Amino acid sequence: MDTFYVKADFGSIIANRIGLTRAENVITKIGFGNVMLDFDREMTNKCRVDASVGAGNLEVFLPEKGTPIIIYVKDSPLCSIKLAPGFEEVEKNVFVNMSYDAKAQNLLTFDVDVALGMVRFRYAD
C-alpha cells in the first residue's frame, strides 16, 4: 500500500497495527479530537507518518527494539511533548532513538504538528 490516509474534522481515531498495512506514507489529520496510532511491531519497510491535530491529543505506540525512528515536531506554546525513554534531541524539535540510521531500510519518520494539546510517544507493551 502506498498511502494510508485518515481524516476527521471532529472525533477520535484509533488505528491499531499500522505496520501490517506496509504503507510508505501514513497521513492522519484531525481537526478536534484524539488520535492513537499503534506501530506495535518492528517495521520491515520505510514509512513516513504525517500527523496533524488542531486541538487534542496524539498518542503513538512504537516498536521497542530494532526500528530506527526520527521525529520532527512542530510545536506551539500550548502543546506538550512526552517521548519514550531512549530518545535524544539532535537539533531543535528533532528527536532520534538509539537505533536511528538515516540510511536504514526500515526507517520510521514522524512529522508531527499539534497546535493545542499533547503529543506522547511510548513503547508498546
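You'll find the structure just up there.
Residues numbered from 1 in each chain as written. Predicted model: local features only at pLDDT ≥ 70, side-chain atom pairs only at ≥ 80, totals over all residues. Heavy atoms only, no water.

> Would you take a moment to explain the overall build of the protein chain for this structure?
When you go through the protein chain residue by residue, the secondary structure sums to zero helices and nine strands. Secondary structure elements of the protein chain occur, N-terminal to C-terminal, as β-β-β-β-β-β-β-β-β. Its C-alpha atoms give the protein chain a radius of gyration of 13 Å, near enough to 14 Å, the size a compact globule of 125 residues would have. Along the first, second and third principal axes, the C-alpha set of the protein chain runs to 35 × 30 × 25 Å. Put simply, the protein chain has 125 residues, and 43% of those count as buried. When the accessible surface of the protein chain is totalled, it reaches about 6,900 Å², and 51% of it is carbon and sulfur. Seen as two clouds, the 14 positive and the 17 negative side-chain charges of the protein chain have centres 2 Å apart. (Helix = DSSP H or I, 4+ residues; strand = E, 2+ residues; numbered from the N terminus. Rg over C-alpha atoms; globule rule 2.2 N^0.38 Å. Buried < 20%, exposed > 50% of the residue type's maximum accessible area, 1.4 Å probe, protein only. Areas by Shrake-Rupley, 256 points an atom, 1.4 Å probe, with all protein chains shown as cover. Lys, Arg positive; Asp, Glu negative; His and termini not counted. Charge placed at Lys NZ, Arg CZ, Asp CG, Glu CD.)

> Even after reading the chapter, I still don't get unusual backbone geometry, so can you show me in this structure?
Negative phi values dominate among residues other than glycine, just as trans dominates among peptide bonds. The phi dihedral of R22 falls on the positive side, at around 55°, and the residue is not glycine. Overall, the relative accessible area of 56% leaves R22 in the exposed class. Not every positive phi belongs to a glycine, and N93 is a case in point at roughly 60°.

> Even after reading the chapter, I still don't get the pattern of salt bridges, so can you show me in this structure?
Pairing is possible between side chains that carry opposite charge, provided their charged atoms lie close to one another. If you walk through the whole model with that rule in mind, you get four salt bridges. When the shortest N-O distance is used, the salt bridge between D50 and K29 registers 3.5 Å. Remark: K29 occurs in strand β3 (residues 25–38) and D50 occurs in strand β4 (residues 47–62); sequence separation between them is 21 residues. The class of D50 is partly exposed, set by a relative accessible area of 29%. Residue classification places K29 among the partly exposed residues on the basis of a relative accessible area of 30%. Between E59 and R120 there is a salt bridge; the shortest N-O distance is 3.7 Å. In this pair, E59 is assigned in strand β4 and R120 in strand β9 (residues 108–123), connecting sequence segments 61 residues apart. In the salt-bridge network here, residues are joined through shared partners; they are E59, R120 and R122. (Salt bridge = Lys/Arg side-chain N within 4 Å of Asp/Glu carboxyl O.)

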